[in-house]
Amino acid sequence: MNYDLSDLRKFSRGNYAFELDMIETFLLEADEYTLLIQEGFEGNDLIKVGSIAHKFKSSVVIFGMKELH
């Protein structure tokens, strides 16, 4: 998957520690959200899937993941 960190860099204003923290948080959330979305699909709970996807959307946008967005 392609990504673009230019929005994250603008948002962080050069604070490299903040960028690393955001990346670590994103990776942890990605694993959690992926599992929750999978559970939603397996349980045919599309409301849950939509809710989790919506929560994850802002992270996907800030990391420039246009294909996933």
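Before any of the text, the structure's been laid out above.
Procedures and definitions
- Residues numbered from 1 in each chain as written.
- Predicted model: local features only at pLDDT ≥ 70, side-chain atom pairs only at ≥ 80, totals over all residues.
- Heavy atoms only, no water.
- Axes fitted to C-alpha atoms, helices over the stretch in contact; angles between N-to-C directions.
- Helix = DSSP H or I, 4+ residues; strand = E, 2+ residues; numbered from the N terminus.
- Parallel < 35°, antiparallel > 145°, perpendicular 65-115°, else oblique.
- Left-handed = near helix turned anticlockwise from the far one by under 90°.
- Contact = heavy atoms within 4.5 Å.
- Phe/Tyr/Trp six-rings, centres within 6.5 Å; stacked < 30°, edge-to-face > 60°.
- Buried < 20%, exposed > 50% of the residue type's maximum accessible area, 1.4 Å probe, protein only.

Side note on the packing of helix α2 (residues 16–42) against helix α3 (residues 46–62)
Packed helix pairs are specified by the crossing angle of their axes together with the interaxial distance, meaning the distance between the axes.
For step 1, the next point in the chain: Packing of α2 against α3 leaves a shortest axis separation of 8 Å and a crossing angle of 160 degrees. As summarised for this structure, α2 and α3 are arranged roughly antiparallel, according to the angle between their axes. Read as a crossing pair, α2 and α3 show a hand that is left-handed. Residue-level contacts link Phe26, Glu29, Ala30, Tyr33, Leu36, Ile37, Glu39, Gly40 and Phe41 of α2 to Leu46, Lys48, Val49, Ile52, Ala53, Lys55, Phe56, Ser59 and Val60 of α3.

A look at the packing of aromatic side chains
For step 1, the next point in the chain: According to the stated counting rule, one finds three aromatic pairs in the structure shown.
For step 2, the next point in the chain: Relative to Phe56, the ring of Phe26 has its centre 5.4 Å away and its plane inclined at 10 degrees; by these criteria the two rings are stacked. With Phe26 in helix α2 and Phe56 in helix α3, this pair connects stretches of sequence that are 30 residues apart.
For step 3, the next point in the chain: We classify Phe26 as buried; its relative accessible area is 8%.
For step 4, the next point in the chain: Grouped by ring-pair contacts, the aromatic residues Phe26, Tyr33 and Phe56 constitute a single cluster.

Coordinates in, geometry out; function isn't part of it.
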